[in-house]
Amino acid sequence: MRILLDELRLRRFSLTVWTLSVILTVAMVDLLYPSIGSNSGYDEVMQNMPEELQALFGAVDMSTPMGYLSIELYSFFLPAILIAYAVGRGAACVAGEEEGHTLDLLLAQPVSRTSVYLQKALAMVVGVVILSAASMLTTVVLAGPSDMTSIPLDQLFAVTLHQALLALTFGVIALAVAVATGRRGPGIAVAAGYAFLSYLVEGLGKTIDWLGNLRPLSPWNWYSSEEPLLQGISPVDVGVFAAVVLVVAAVGLVVFDRRDLHA
């Protein structure tokens, strides 16, 4: 576990900055609820939007804490922050060492490629867990001042879990592509591009028939923020997320274990 601990130690400053950014973002959105949630004008704006935009942003009741958070925080804004972190770390955790010509030095130690890959990947997972936990705890702490005491903790945990799995899905895609090429750029490009396009497919696919056929391929479809926040954990969606993360990570490991490293 030495590589994992060293990775977390080396990235502690950046992880602290990311964590503070998540806390401040969630706090800002939460504390705006008393003024926004009581303003019926926002619901009227949503209702007057074209059907396609309603599908993209979500058409739920913003006057309730769960509806408000679903639209303002969990539908895109907060997941995008976690995805950005996961994709960046996933692409850099191994390929960054290779580009910096330090991977050979690391592998010269009595440690296997498999161990390096798994510990580096686990460091990314720990980072996503920390950011997700920070987002949930911020809402819990501010439940009183933000008038959100009615949100059940189990449902808040559910959307936090789904959100973390969504971020990890794109993170392991970035990791797998980066270790396959030995470069961070392709990993970031593929994972970020897939994240954006699959978001559009999920939103617009609700009203456009031919895109609707592609929705099952979108991780955003498995995430569906309003569902876990209103109904709790979906075992099927969590199972799909877990399977995809494990399979993609395993493929990346096999490729990395067999590929000739860049000099």
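Quick summary incoming for the structure in this document. (Residues numbered from 1 in each chain as written. Predicted model: local features only at pLDDT ≥ 70, side-chain atom pairs only at ≥ 80, totals over all residues. Heavy atoms only, no water.)

## Overview of the pattern of salt bridges
As a reminder, the rule being used: By definition, a salt bridge exists where a carboxyl oxygen of Asp or Glu is found within 4 Å of a side-chain nitrogen of Lys or Arg. Helix numbering and strand numbering both begin at the N terminus, where a helix is a DSSP run of H or I of at least 4 residues and a strand a DSSP run of E of at least 2. Here's how the labels work: a residue is buried when its accessible area is under 20% of the maximum for its type, exposed when over 50%, partly exposed in between, all with a 1.4 Å probe on protein chains only.
All chains considered together, the criterion is met by nine salt bridges. One salt bridge connects Glu7 with Lys120, and the closest N-O pair in it is separated by 2.7 Å. Taken as a pair, Glu7 in helix H1 (residues 2-10) and Lys120 in helix H10 (residues 113-141) lie far apart in primary sequence, 113 residues in all. Across this residue pair, the class does not change: Glu7 and Lys120 are buried. Three or more residues joined by partner-sharing salt bridges are found here, namely Glu7, Arg11, Arg89, Glu97 and Lys120.

## Focus: the nonpolar core
Within soluble globular proteins, side chains that are nonpolar tend to cluster in buried spots. Where we set the bar: Here, nonpolar core refers to any group of buried Ala, Val, Leu, Ile, Met, Phe, Trp, Tyr and Cys residues whose side-chain atoms link them within 4.5 Å. By the convention used here, residues are in contact when the closest approach between their heavy atoms is within 4.5 Å.
Grouped together as the largest cluster of nonpolar side chains are 65 residues, with contacts concentrated most on Tyr68, Leu69, Tyr74, Leu78, Ile83 and Phe170. It is helix H11 (residues 153-181) that contributes the most residues to this core, 15 residues altogether. Those residues within four positions of Phe170 in sequence are excluded, and the remaining contacts are Ile83, Val87, Ala191, Tyr194, Ala195, Ser198, Pro219 and Trp220.

## Quick notes on the side chain of Thr138
We apply this condition: The definition of a polar contact used here is a pair of N or O atoms within 3.5 Å, where within protein one atom must be able to donate a hydrogen and the other to accept one, and adjacent residues in sequence count solely through side-chain atom pairs.
Mapped onto the elements, Thr138 comes out in helix H10. Taking relative accessible area as the criterion, Thr138 reaches 7% and is therefore assigned buried. In this structure the side chain of Thr138 is engaged in a polar contact, spanning 2.7 Å, whose partner is the backbone oxygen of Ala134. With sequence-adjacent residues up to four places away left out, Thr138 is seen in contact with Ile23, Val26, Ala27 and Asp30.

These results come straight from atomic positions and should not be treated as a statement about function.
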